[in-house]
Amino acid sequence: MAMALSLGEGGGSRLRRQLESGGFVAAEYVKQLSQQSDGDRDLQEHRQRIQALSEETAQSLKRNVYQNYRQFIETAREISYLESEMYQLSHILTEQKGIMEAVTQALLLQADRDDPELGSRRAAATDPFLPLSAKEAAANEEGRQRTLTTLLEKVEGYRDLLPESPSKYLVYNGDLVEYDADHMAQIQRVHAFLMNDCLLVATALPNRRGAYRYVALYSLDGLAVVNVKDNPPMKDMFKLLMFPESRIFQAENAKIKKEWLEVLEETKRNRALSEKQRLEQEALARPAPAPPESTNPFEEDEEEEEPSAEEEVVDLSLEWIQELPEDLDVCIAQRDFEGAVDLLDKLNEYLRDKPVSQPVKELRVKVDERVRQLTDVLVFELSPDRSLRGGPRATRRAVSQLIRLGQSTKACELFLKNRAAAVQTAIRQLRIEGATLLYIHKLCHVFFTSLLETAREFETDFAGNNGCYSAFVVWARSSMKMFVDAFSKQVFDSKESLSTAAECVKVAKEHCKQLSEIGLDLTFIIHALLVKDIKGALQSYKDIIIEATKHRNSEEMWRRMNLMTPEALGKLREEMRSCGVGNFDQYTGDDCWVNLSYTVVAFTKQTMAFLEEALKLYFPELHMVLLESLVEIILVAVQHVDYSLRCEQDPEKKAFIRQNASFLYETVLPVVEKRFEEGVGKPAKQLQDLRNASRLMRVNPESTTSVV
């Protein structure tokens, strides 16, 4: 057994060396093993040896990992710390370099102003583009122009956007790879041409070597360069910010990226410096306008006494004015809308009484472009596509800045559109569940609360713009129409009962009255929008009562009611008392009998219930509809009693019919008139005429005809 173990260990070592050899080929090894094996058993044993070797190797690797795990963690942490410190150090050195270059430029500029000859000698010694002779200057300028022209001739479509200028020259150019700013996916390879005042981006044409197609042109005045921290595999990148867009480019290596960053910053700095010098020279060299020649000889003395005043020169060399376009771009990019508008107000205040010279016009063109960009951003902030959460106050910031920019009409329109979308979204999000009245409570709360908050915010934002209030009233009417559509769809289109509809309308009116807190009364609007649906509901319920009354009349036997129990009689007394019938006891008899017909009692309860619910819905536009409905309902009962008196031959039944007619004419109709007058505020002449015309009928006992 020991010998077998020794052979097994020796075979394992030999197998390990064979597998670790550099010339090991798996296919050849398997082929050779298949030829040498005697059968399936040898292959199984060899497989077990390979599996044991695999497990041993895995265990050995795991032990090594465990032994070095802490060192791996510490090393990774140290690398992270060093990377952070190197990045901070690089950023500090870049800032220090920029500060030193700015100080050097300022000192040299001041020295050149103090001693022009020394400045010219220094420029000749340090500037490689400033030759010593006019001939060399012309040759150098011609060479730089020729280089720019040669390169740009390879770019299709640039001539219309980049006119030739003797002051324009090429500073730097090279190949870059553009990446998507959101997903960091490669888009295309480009070639960038950096000139002293702009940056041209072009793509290579596929079938023409060295030829490019124009993509974009950016002025250095509105261009910002941002270094992008390396995040492998994304490295050697930098970002160009051109409001409202940004683009990310990757250089070939870190050295070229550094060159691009340095040359872009240096070119932007030189551009700003040359622009500042140009404005200073124009301000100093601008001659005073010559006075017009006059043919009046008597004006000579006046001209000698009052010399012509020189035109006031607008000083645009101030640092904050020179940096104003870039500062506006930064404010817009950082969403500092208040800061941007403050800068514009400061500029307008500075230029208020100044003459409009050519430099001022050029500055105005640059600033107006930023104002358009700022306006577009503020408009987007108020668009319904943005999040509608936060209520009306969330729009205050953008609205107030648009008003400060003189766009109060646009601000009002966008604010109201935003709030309309918010109200509509809130209504759509309401879940229709449970009873209709519960949903209407939620609907009214959401809508009128939003309307009240919008009105208060509107009053706050547009306090000094009285012309915008008419737009708010129009908006409130359209919003009320949207509310009434949702209200009617749930209450009237679903064929709810008149009592439910009355309660829902009552809730809506009560919520509408809350708007009177801010002096806004929309009750007449909700009445005008609901009048059609309420008329339809009243007429529909009237038809139901008439049909029910006719059905009962067709089965009328003119018998007294027997309620069987005292409790039922007491309940009927309470119902009649709630209907306004106070003398109902005189129509009750012994042992739970009532000396009235079931048809008349049911008609009384149904008519009074209809009147009560209709009065909850009442407003002046419904006066005639309600009155005509009551008259039609009462006429059905009156005509039935009249017909029964004429046709009945039995004296006892005829007396019972007279008793019911007396209850109807002397008790029910006066109660209806009184309740109608209390609810409406004025008497109903039609009801009075109906009662007077329907007097008790005297019937001749020997005849079947009745005499009025």
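Being a predicted model, the structure only gives us computed values, none of them experimental. (Residues numbered from 1 in each chain as written. Predicted model: local features only at pLDDT ≥ 70, side-chain atom pairs only at ≥ 80, totals over all residues. Heavy atoms only, no water.)

1. A few points about the pattern of salt bridges
Scanning the model with the defined rule gives 26 salt bridges in all. Residues Lys-257 and Asp-230 are paired through a salt bridge, measuring 3.7 Å at the closest nitrogen-oxygen approach. Note that Lys-257 is positioned in helix α6 (residues 254-285) and Asp-230 in the loop between β6 (224-228) and β7 (237-242), a separation of 27 residues in sequence. Look at Asp-230 and you get partly exposed, because its relative accessible area is 33%. Glu-381 is the partner of Arg-335 in a salt bridge, and the nearest nitrogen-oxygen pair spans 2.7 Å. Here the residue Arg-335 occupies a position in the loop between α9 (324-333) and α10 (337-350), and Glu-381 occupies one in helix α11 (residues 358-382), the gap between them amounting to 46 residues. (Salt bridge = Lys/Arg side-chain N within 4 Å of Asp/Glu carboxyl O. Helix = DSSP H or I, 4+ residues; strand = E, 2+ residues; numbered from the N terminus. Buried < 20%, exposed > 50% of the residue type's maximum accessible area, 1.4 Å probe, protein only.)

2. What about the sheet that holds strand β5 (residues 212-219)?
What the 8 strands build is an open sheet, ordered β1-β5-β4-β3-β2-β8-β7-β6; its pairing is mixed. Of all strands in the sheet, those bounded by a partner on one side alone are β1 (155-156) and β6. With 6 bridges joining them, β7 and strand β8 (residues 245-250) adopt antiparallel strand pairing. Residue pairing for β8: Phe-238 is matched across the bridge by Phe-249. (Pairing = 2+ DSSP bridges.)

3. A closer look at empty space enclosed by the protein
A complete count under the given rule lists 3 cavities of 30 Å³ or more for this structure. For the second largest cavity, the calculated volume is near 60 Å³. Counting residues per element, the ones that place at least two in the lining of the second largest cavity are α17 (523-554), α19 (598-617) and α20 (623-647). Its residues assigned to classes, the lining of the second largest cavity comprises 6 nonpolar, 4 polar and no charged. (1 Å grid on protein atoms, 1.4 Å probe; cavity = no way out; pocket = protein on both sides within 12 Å on 5 of 7 lines; lining within 4 Å. Points joined across faces, edges and corners; volume = space filled by probe spheres on them. Nonpolar A, V, L, I, M, F, W, Y, C, P; charged D, E, K, R; others polar.)

4. Considerations on the confidence of the model for the protein chain
When pLDDT is averaged across the protein chain, the result is 78; 83% of the residues are at 70 or more. Within the model, pLDDT remains below 50 along residues 124-135, and this stretch shows 9 contacts once partners closer than five positions in the same chain are excluded. (pLDDT = per-residue confidence, 0-100. Contact = heavy atoms within 4.5 Å.)

5. Examining the side chain of Thr-375
With respect to the helices, strands and loops of the structure, Thr-375 is situated in helix α11. Among all residues touching Thr-375, those that are not within four sequence positions of it are Leu-402, Leu-405 and Lys-410.

6. Some remarks on the packing of aromatic side chains
In this structure the tally under the stated criterion is 18 aromatic pairs. With centroids separated by 5.8 Å and ring planes inclined at 85°, the aromatic side chains of Trp-320 and Tyr-350 adopt a geometry described as edge-to-face. With Trp-320 in helix α8 (residues 319-322) and Tyr-350 in helix α10, this pair connects stretches of sequence that are 30 residues apart. In this structure Trp-320 comes out as partly exposed when scored by relative accessible area, which is 22%. Aromatic rings pair up to connect Phe-415, Phe-458, Phe-462, Tyr-469, Phe-472 and Trp-475 into one cluster. (Phe/Tyr/Trp six-rings, centres within 6.5 Å; stacked < 30°, edge-to-face > 60°.)

7. Looking at the nonpolar core
In a soluble, globular protein the nonpolar side chains are often hidden away together inside. Counting 126 residues, the largest nonpolar core has Met-480, Phe-483 and Phe-487 as its most contacted members. Those residues in contact with Phe-483 that lie beyond four places of it in its chain are Leu-443, Cys-444, Phe-447, Phe-448, Ala-508 and Ile-526. If you look at the next biggest cluster of nonpolar residues, it comprises 20 residues, including Leu-176, Val-201, Phe-249 and Ala-251. (Core = buried A, V, L, I, M, F, W, Y, C linked by side-chain atoms within 4.5 Å.)

8. Considering helix α21 (residues 651-680)
The α-helix winds at 3.6 residues per turn, so residues separated by three or four positions along the chain end up facing the same way. End to end, α21 covers 42 Å across 30 residues, agreeing with the expected 44 Å (1.5 Å per residue, within 8%). Along α21, the sharpest kink reaches roughly 30°, centred on Leu-664. The opening residue of α21, the one whose side-chain oxygen lies 3.3 Å from the backbone nitrogen of Glu-652, is Asp-650. Count one or two residues on from α21 and you reach Gly-681, which has phi positive near 100°. (Expected span 1.5 Å × (residues − 1). Bend = angle between axes of the 7 residues up to and from the residue. Polar contact = N/O pair within 3.5 Å; in protein donor to acceptor, adjacent residues only side chain to side chain.)

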